[in-house]
Amino acid sequence: MKECQAILKSDDHTSRSSTNSLFTIRTVRYGECQKNQAANVGGYAVDGCREFIPCADEGSNGALTCAACGCHRNFHRREVETEIVVRRSMENGQQ
Ligand SMILES: [Zn+2]
């Protein structure tokens, strides 16, 4: 027996109610790897990986593993960029 499971991510910005649509684009980037490779010998050395590149597509197993250095994504510095975009639709654009 096979059971299909749908995982829905509910995001606020999917609602489209007015003519002016407000989009919040949140981009999450993962910067340089900060895993201390020399922690076991009491030193400090990072592997020099500059940016997290997922091994596999989002949602699959390798998505949290860096293709370049093999570390988990948590070791990479998280940067969140929030951008608000107002898109005015062409129909009834009067105020
Ligand atoms: Zn790394």
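Calculation criteria
Residues numbered from 1 in each chain as written. Predicted model: local features only at pLDDT ≥ 70, side-chain atom pairs only at ≥ 80, totals over all residues. Helix = DSSP H or I, 4+ residues; strand = E, 2+ residues; numbered from the N terminus. Contact = placed C-beta atoms within 7 Å. Buried ≥ 20, exposed ≤ 12 C-beta atoms within 10 Å, placed from the backbone. Pairing = 2+ DSSP bridges. Core = buried A, V, L, I, M, F, W, Y, C linked by C-beta atoms within 7 Å.

As recorded by an unreviewed UniProt entry, the protein carries the name ZF-HD dimerization-type domain-containing protein and is attributed to Olea europaea subsp. europaea.

**Q** Outline the overall build of the protein, listing residues and values.
**A** When its secondary structure is counted, the protein shows zero helices and two strands. Restricting the contact set of the protein to residue pairs at least 6 apart, pairs at least 24 apart contribute 49%.

**Q** Outline the pairing of strand S2 (residues 76-88), listing residues and values.
**A** Along S2, only one of the 13 residues are buried, which leaves the element largely exposed. Here twelve bridges tie strand S1 (residues 20-33) to S2, and the two strands are oriented antiparallel to one another. Within the sheet, the bridge partner assigned to Asn 20 lies in S2 and is Arg 88.

**Q** Can you break down the environment of Pro 54 residue by residue, with the values?
**A** With respect to the element layout, Pro 54 can be found in the loop between S1 and S2. C-alpha of Pro 54 to C-alpha of Gly 70: the two residues are 16 residues apart in sequence and 9.3 Å apart in space.

**Q** So, the environment of Thr 24: which residues are in play, and what are the values?
**A** One can find Thr 24 in strand S1. A count of 11 C-beta atoms within 10 Å places Thr 24 in the exposed class. Counting along the chain gives 59 residues from Thr 24 to Glu 83, while the straight-line C-alpha distance between them is 5.8 Å.

**Q** Help me get a handle on the nonpolar core, residues and values and all.
**A** Core analysis: the biggest nonpolar cluster contains five residues, these being Cys 33, Cys 49, Phe 52, Cys 66 and Cys 69. Discounting residues that sit within four places of it in the chain, Cys 49 has contacts with Glu 32, Cys 33, Cys 66, Ala 68 and Cys 69.

**Q** How would you summarise the environment of Glu 83 if you had to cite specific residues and measurements?
**A** By secondary structure assignment, the location of Glu 83 is in strand S2. By C-beta crowding, Glu 83 is classed as exposed, having 9 other C-beta atoms within 10 Å. When the C-alpha atoms of Glu 83 and Arg 26 are compared, they prove to be 6.2 Å apart, with 57 residues separating the residues in sequence.

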